[in-house]
Amino acid sequence: KTKLIYFNHGVSYLGYKGLLRYLLLIIEYINCSLANHIIAVSKHAKHELLKLTNTPISVISNGSACGIDLKLFSKKNIKISDEMKVIKNKNCFLVTFIGRPEKRKGFIFIIELWEKYFINEENMKLILCGTDVDINKYTKVPTKNIVNMGNTKNIPEILSISNCLLLPSLHEGLPYSIIEAMAMECPIIANNIPSISSQIENDKNGYLIDGHDHNAYFKKINFIKNIANIKAIKKLTNNALNEVQKFDRKKFLTDYNKKIKDILKSD
């Protein structure tokens with residue numbers, strides 16, 4: 001007997017408003033209705049999908065789409081290229097954003113934050129990844145301290161030299177940038193929304209910001225910059241490194257294989 005398994009990577013309609021939200025909601029409802037079983041990437045996604053359907057829903061292992069390769073994302077296994085050494089000079093503080101150039105992902109928020117507080121800081125750089133666009137179209141004035149890496153494959157290396165990762169998303173399923181940053185011992189500052197707060201415990205393995213607030217992000221970046229807080233930051237990244245072990249890809253794929261077999265055997 002043929003079975004249709006719907007692997008939902010994020011309940012996307014939650015990140016939109018108006019007609020587009022309604023259309024995405026309809027598509028989500030149809031996908032759920034057609035499926036014999038749904039696999040969600042997080043407990044939060046499962047909670048939201050249960051509002052739409054009676055179809056059985058599972059979260060494999062601790063969630064995510066495919067776990068994370070902890071050998072690839074390991075600071076001790078990274079060799080810094082000459083290109084990255086130029087970006088990360090001795091006294092430069094690197095703030096990184098990973099995501100598509102969309103308002104929903106926090107891209108516009110990041111540009112506004114940088115122009116408001118850091119545009120003239122010569123010892124700071126904003127590293128943009130996944131943003132294959134002309135940044136000058138989004139900034140009010142040309143800037144020298146924004147480095148646009150575009151659709152780069154060098155995320156492990158970039159995170160290994162970054163001083164913090166910013167994730168001001170308005171909606172996420174289970175954001176891989178968080179578990180990748182945790183694995184690379186890079187402090188995370190992120191919006192306090194359900195899908196993110198299920199991974200980050202504030203002040204324990206990352207920092208959560210309420211209200212999509214520029215000033216709160218500014219203060220937390222300065223907290224990380226302050227050399228007096230180096231022990232607190234190290235404790236935070238150690239906790240994050242321990243947390244990310246539960247997303248190990250080897251374990252995820254074992255559990256994934258078992259779950260698919262169980263679904264196919266079920267009535």
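Residues numbered from 1 in each chain as written. Predicted model: local features only at pLDDT ≥ 70, side-chain atom pairs only at ≥ 80, totals over all residues. Heavy atoms only, no water.

A. How the structure looks around the sheet that holds strand β6 (residues 146–150). The six strands are arranged β6-β5-β4-β7-β8-β9 in an open sheet whose pairing can be described as parallel. Unpaired on one side and paired on the other, β6 and β9 (207–209) mark the two borders of the sheet. Each strand axis lies, on average, 20 degrees off the axis of its neighbour in the sheet, ignoring direction. As paired strands, strand β5 (residues 124–129) and β6 are joined by four bridges and run parallel to one another. Paired with Leu128 across the bridge in β6 is Asn148. This element, helix α4 (residues 107–117), spans β4 (93–98), β5, β6 and β7 (164–167) of the sheet and lies at about 165 degrees to β5. Sheet strands touched by helix α6 (residues 176–183): β4, β7 and β8 (188–191). Its angle to β7, the strand with the most contacts, is close to 170 degrees. (Pairing = 2+ DSSP bridges. Helix = DSSP H or I, 4+ residues; strand = E, 2+ residues; numbered from the N terminus. Axes fitted to C-alpha atoms, helices over the stretch in contact; angles between N-to-C directions. Contact = heavy atoms within 4.5 Å.)

B. Spotlight on the packing of aromatic side chains. Here the structure, examined in full by the defined rule, presents 10 aromatic pairs. Between Phe7 and Tyr256 the ring centres are 6.1 Å apart and the planes differ by 20 degrees, which places this aromatic pair in the stacked class. Placement of Phe7 in strand β1 (residues 5–8) and of Tyr256 in helix α10 (residues 249–265) is noted, with a sequence separation of 249 residues between them. Taking relative accessible area as the criterion, Phe7 reaches 23% and is therefore assigned partly exposed. Given the relative accessible area of 29%, Tyr256 is considered partly exposed. Taking 4.9 Å as the distance between ring centres and 45 degrees as the angle between the ring planes, the aromatic pair formed by Trp114 and Phe118 counts as tilted. Across the pair, Phe118 and Trp114 agree in class, each one buried. In textbook terms, an aromatic cluster arises when at least three aromatic residues are bridged by ring pairs, as seen for Trp114, Tyr117, Phe118 and Phe218. (Phe/Tyr/Trp six-rings, centres within 6.5 Å; stacked < 30°, edge-to-face > 60°. Buried < 20%, exposed > 50% of the residue type's maximum accessible area, 1.4 Å probe, protein only.)

C. Fine view of the pairing of β4. Of all six residues in β4, six are buried; the element is thus mostly enclosed. Of the two faces of β4, the one holding Phe93, Val95 and Phe97 and the one holding Leu94, Thr96 and Ile98 are both buried throughout. In the classification by handedness, the crossover that spans β4, the intervening α4 and the parallel β5 is right-handed. Across three bridges, the pairing between β4 and β7 is parallel. Its bridge partner being in β7, Val95 is matched across the sheet by Cys164. (Right-handed = clockwise from strand over helix to strand, strands pointing away.)

D. Spotlight on the sheet that holds strand β3 (residues 57–59). Pairing in this open sheet of three strands is parallel, and the strands run β1-β2-β3 from one edge to the other. The sheet terminates laterally at β1 and β3, the two strands that pair on one side only. Each strand axis lies, on average, 25 degrees off the axis of its neighbour in the sheet, ignoring direction. The pairing of strand β2 (residues 37–40) with β3 spans three bridges and is classified as parallel. Its bridge partner being in β3, Ile38 is matched across the sheet by Ile57.

E. Seen up close, unusual backbone geometry. Not every positive phi belongs to a glycine, and Ser61 is a case in point at roughly 50 degrees. Among the structural elements, Ser61 can be located in the loop between β3 and α3 (82–87). On the basis of relative accessible area, Ser61 is assigned to the partly exposed category, the value being 29%. The residue Ser64 is not glycine, and still its phi comes out positive at about 100 degrees. Inspection of the secondary structure assignment puts Ser64 in the loop between β3 and α3.

F. View of the side chain of Glu28. Structurally, Glu28 is set in helix α1 (residues 18–34). One buried charged residue, Glu28, forms no salt bridge at all, with the nearest opposite charge on Arg104 at 9.8 Å. Among residues more than four places away in sequence, those in contact with Glu28 are Tyr6, Asn8, Gly10, Val11, Ser12, Tyr13, Leu49 and Leu52. (Lys, Arg positive; Asp, Glu negative; His and termini not counted. Salt bridge = Lys/Arg side-chain N within 4 Å of Asp/Glu carboxyl O.)

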